[in-house]
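Here is how the chains run, residue by residue.
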Amino acid sequence: MLQTAQRGKKSSAKKAAPHERFLEAFRWMLLSRTLEEKLVSLYRGGQITGGVYIGKGQEAVSVACGLFLQKGDIFAPLIRDQAGRSAFGEPIVDVARTYLGSRQGPMRGRDGNIHRGKPSEGQLAMISHLGAMVSVTVGTLMAKRFHGEKNFVGLSCIGEGGMQTGSFHEGMNLAAVEQVPLVIVATNNHYAYSTPNDREFACADLVDRAKGYGFEGYSIDGTDLSTCLDVIESAVKRARAGRPPQLVVASVLRLSGHGEHDDASYVTDEMKRQPFAQDCLKLAEKKIVDLEMADDATLQSWREDAAKQVDEAIATAQKEAAPDAEKEDWCAISTRELVDQPE
Amino acid sequence: MSITYLEAIREAQAKLLRDDERVFIYGQDVGGTFGGAFKATKGLAKEFPNRVLNTPISEDAIVGTAIGAAMRGMRPIVEMQFADFSSTALNQILNHAGTHYWRTNIPVPITIRLPSGGTKGSGPFHSQSMESVYAHYPGLIVMTPATVEDAYTMLIDAVAIDDPVVYCEHKYLYYHLKANKLPDKGLPTGRARIARQGRDLTIVTYSAMVQESLAVAEELARENFEIEVVDLRTVKPLDTDTVLASVARTGRLLCVGESFPWGGATAEVIARVTSEGFHLLDAAPVRINAKDTPIPYHPNLWSAHRPGAKMIAAKARALLKE
């Protein structure tokens, strides 16, 4: 069974032969897809309050974001990064707990769905305002530098939608000014909610911005797992080695709505025929079969394993207590004697 | 020897940098030989070149960076060049710093210094008082020191607090206000101070309006009125107990604040006193704020826009007759 990664121990990705690394990444993608399909069905069945936001079509880029980070590194995922979160070390039971509102989840029912993280373990808890996580990641890296730590890196995810915010611009510029070891992975999934690229930006290629900020930049086909692994691994290595901050721009199509409430009827047929509209998980599986990296029985056992893990995580979270408003600690600051108007 | 309010802020930061390696100062023009638009960090970069750092003009990213550093054990002090400019960092302050402990159980101990309030000729964008905006949101402590001594000890306290603190320092007091020496310790955070004792009327105020109100109390003393002045020190938490105890002594309440009139710290004080101490009041409470327009440039307009001793005295006399 593929267990949730233990950071620090999962050097397999770093040292593994290309096939092994590809297969490990594939299994995280498969787990992510399986988990998110389950979340969608729970949502459709009315068992999840609020929204469900999935990363279908973006798993290859996302998994590469989580896979090459080590213990002590900082990861700032966004809403379509389940594969990367799992590869980085987030237990999927915490995903189920957050979506289902368990008191035992990292957010304890106080925040939901993809707004989750464990900052003490290096996984930042995103806020909804896009672009805001970049400068926060810069700050965590500066703290590490102040503390005299070495050999660390931060990776902050963004989409082409978030790249148009002022906050993102400020964060990217400041990262370069501070020369922190940062990688920004920007996934252009061609829609900011319903708005297509031509109403989002007017530059020829988003990666051209790298030069303007003092980053090193790379463009990749986000549907191709091997490319995602090679380029993002290289960017992480370069940042860790003290090169300027790195920008990777991946091209994909979001194979879902913005959230599960959205039928994405605005995505045109022409868009769906583009090369970047292919499903990265299917392409990866085809490559496994074509190159005989694993046989059908093995692939089937992995699918079953993923389904079993997901079922267990959901069942665990469903059994756990929801937060209780009567017992809730309604206190927004940690310094209790400074609470205004204590209850 | 005499030390100004501004020098007290600088001395507090010097002490913090010396005593605590987790402290760093981050903001526009704070470093190098310049030492900040108001010189509140003058000379500090020379002693601590790696911990007093200039930034680009990027308020959002400055606060975001401070939040990230605070999450990982640092104690950043952010200097906003003017309180007004913190509007472009509102998202990081309110939605990130203010929510982080509640969401994740990890507090972010950042201190954001806001050079606040009006001075002549500064106009709409270099004169604002933002305390009511920050006090409205959960998760933040909001300090408004009114004396040299408090400017010093409260800034040291702000950095020691594990939660985000918005420290509103008043530019009008920077050079006017002087003390002979700096204390080692002040009142506990969140405790209001009786700046002057009286029995006829309570003025509850904070920041630069404490000095205006004390001048009014002095003036009315010549008319045989004893005015009590309560300096809130922090508007959040708000020391309702001290305010109610004062109103219990005087029966009359006048609240004075320099920020805009809709809602805010003065409205909060009156809401609490009328709700919790209605029986203590001998007359309807009164509040004074700035006018509900942007802050004007010309001194003739500015001095009428801002509550001053003359306006406070007039309202106090009227309230004393009620």
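Structure report, in brief. In this convention, every chain numbers its residues from 1, walking through the sequence in written order. Chain labels run from A onward and ligand labels from 1 onward, assigned in the order the entries are written. At least 70 in pLDDT is required for a residue's local features to be given in this predicted model, at least 80 for side-chain atom pairs to be given and counted, and no such filter applies to totals for whole chains, interfaces and linings, which use all residues.

**Some remarks on the interface of chain B and chain A**
Moving on, step 1. Placing a C-beta atom from the backbone of each residue, one calls two residues in contact when those atoms lie within 7 Å. At the junction of the two partners, chain B supplies 36 residues and chain A supplies 35 residues.
Moving on, step 2. Labels follow the DSSP assignment, with helices taken as runs of H or I lasting at least four residues and strands as runs of E lasting at least two, numbered in each case from the N terminus. Contributions of two or more residues to the side of chain B that touches chain A are made by helix H3 (59-71) and helix H4 (90-104) of chain B.
Moving on, step 3. In terms of residue count, the dominant contributor to the side of chain B that touches chain A is H3 of chain B (9 residues).
Moving on, step 4. Nonpolar residues are Ala, Val, Leu, Ile, Met, Phe, Trp, Tyr, Cys and Pro. Charged residues are Asp, Glu, Lys and Arg, and all others, Gly as well, are polar. Broken down by class, the residue content of the side of chain B that touches chain A amounts to 17 nonpolar, 13 polar and 6 charged.

**Comments concerning unusual backbone geometry**
Moving on, step 1. With an omega of 0°, the peptide bond running from Lys236 of chain B to Pro237 of chain B counts as cis.
Moving on, step 2. Secondary-structure assignment places Pro237 of chain B in the loop between strand S12 (234-236) and helix H9 (240-250).
Moving on, step 3. The backbone phi angle of His190 of chain A is positive, close to 75°, even though this residue is not glycine.
Moving on, step 4. Exposed residues have 12 or fewer other C-beta atoms within 10 Å of their own C-beta, buried residues have 20 or more, and residues in between are partly exposed; the C-beta atoms are placed from the backbone. With 22 C-beta atoms counted inside 10 Å, the residue His190 of chain A sits in the buried group.
Moving on, step 5. In this model, Asn105 of chain B sits at a positive phi of 75°, which is unusual for a non-glycine residue.

**Things to note about the sheet that holds strand S6 (residues 216-221) of chain A**
Residues and elements named next belong to chain A.
Moving on, step 1. DSSP calls a pair of strands paired once it identifies at least 2 bridges connecting them. Strand order in the open sheet made by the 5 strands is S1-S2-S3-S7-S6, with parallel pairing throughout. Of all strands in the sheet, those with a lone pairing partner are strand S1 (74-76) and S6, marking the two edges. Each adjacent strand pair in this sheet contributes to an overall mean axis angle of 15°, direction not counted.
Moving on, step 2. In terms of strand pairing, S1 meets strand S2 (residues 154-159) through 3 bridges, oriented parallel. Opposite Ala76, over in S2, you have Ser156 as the bridge partner.
Moving on, step 3. Here an axis means a line fitted to C-alpha atoms, over the contact stretch when the element is a helix, while the angle between two N-to-C directions is reported on a 0 to 180 degree scale. On top of the sheet, helix H3 (residues 59-67) reaches S1, S2, strand S3 (182-188) and strand S7 (246-251); it is set at about 170° to S3, its chief contact.

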